[in-house]
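Report on the structure
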Amino acid sequence: MKTLKSLKKLGSLKNARGQGLSEYLIIVALIAVASIAVIGLFGGTARQQVAGLALEISGTDSSTVVGNAATTAGEAETDADTDITLSTYSDNAGVIGGGGR
């Protein structure tokens, strides 16, 4: 009788570990999706800023690139404020896809 109880307890521990792993994977997936969305909105700004930094390190004037970064950041802010619903999805395809920025 004791061995049957210990086997049942062991089975419930395996299920609990599996449940914890599943919850962990769901959280990791949500973080990945959120990260992709943030990079989609602000990726162009980050690329412009890194390019400006590289130009300054090389001794070249980067005022144009830094200005482009500011412009891209403003566009990203506008895109982030856009209300996207299922009824306006097709009208905002450029906002959702990042428009190549």
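Computed from a predicted model, the values in this text were never measured in an experiment. Throughout this description, residue numbers start from 1 for each chain and increase along the sequence as written. Where local features are concerned, this predicted model is filtered to residues with pLDDT of at least 70; where side-chain atom pairs are given and counted, the filter is 80 or more; whole-chain, interface and lining totals use all residues. The side-chain numbers reported here are obtained from all heavy atoms of the structure, hydrogens and water having been left aside.

**Notes on the overall build of the protein chain**
The numbering of helices and of strands both runs from the N terminus, where a helix is a DSSP run of H or I of at least 4 residues and a strand a run of E of at least 2. In terms of helices and strands, the protein chain carries three helices and zero strands. Going residue by residue from the N terminus, the α and β elements of the protein chain occur as α-α-α. Exposure categories follow from relative accessible area, calculated using a 1.4 Å probe and restricted to protein chains: below 20% of the type maximum is buried, above 50% is exposed, and the middle band is partly exposed. Each of the 101 residues in the protein chain was classed as buried or not, and the buried ones make up 13%. It only takes one pair of heavy atoms within 4.5 Å for two residues to be counted as in contact. Once local pairs closer than 6 in sequence are excluded, the contacts in the protein chain between residues at least 24 apart make up 44%.

**Looking at the side chain of Ser62**
Within the fold, Ser62 resides in the loop between helix H1 (2–57) and helix H2 (63–81). What makes Ser62 buried here is its relative accessible area of 2%. Not counting chain neighbours up to four residues away, the residues in contact with Ser62 comprise Gly52, Leu55 and Glu56.

**What to know about a nonpolar patch on the surface**
The patch calculation keeps residues exceeding 30% relative accessible area without a salt bridge and links them within 9 Å when they carry like charges or within 5 Å when they are nonpolar (Val, Leu, Ile, Met, Phe, Trp, Tyr). Using a 1.4 Å probe, accessible areas were evaluated by the Shrake-Rupley method; residue-level cover was limited to the displayed protein chains. Salt bridges, as used here, are contacts in which a Lys or Arg side-chain nitrogen is within 4 Å of a carboxyl oxygen on Asp or Glu. Where nonpolar side chains cluster on the molecular surface, the patch consists of Leu21, Tyr24, Leu25 and Val28 and spans about 400 Å² of accessible area. Residue position: Val28 is located in helix H1.

**Concerning H2**
Its 19 residues place the ends of H2 27 Å apart at the C-alpha level, agreeing with the 27 Å of an ideal helix rising 1.5 Å per residue. Within H2 the residues assigned to the buried category are Val65, Ala69, Thr72, Ala76 and Asp79. Buried residues of H2, seen end-on, are gathered within an arc of 85 degrees and therefore sit on one face of the element. Every exposed residue of H2 that faces more than 90 degrees away from the buried side is listed here: Thr64, Ala70, Glu77, Thr78 and Asp81. In a helix, the anticipated span is given by 1.5 Å times the number of residues less one. The directions considered for the arc are those from the helix axis to the C-beta atoms.

**Focus: the environment of Asp79**
Looking at where Asp79 falls in the secondary structure, it is placed in helix H2. Judged by relative accessible area, which is 12%, Asp79 ranks as buried.

**Here's the deal with the environment of Gly74**
Assignment of secondary structure puts Gly74 in helix H2. For Gly74, a relative accessible area of 31% corresponds to the partly exposed category. Taking the C-alpha atoms as reference points, Gly74 and Phe42, 32 residues apart in sequence, are found 9.9 Å from one another.

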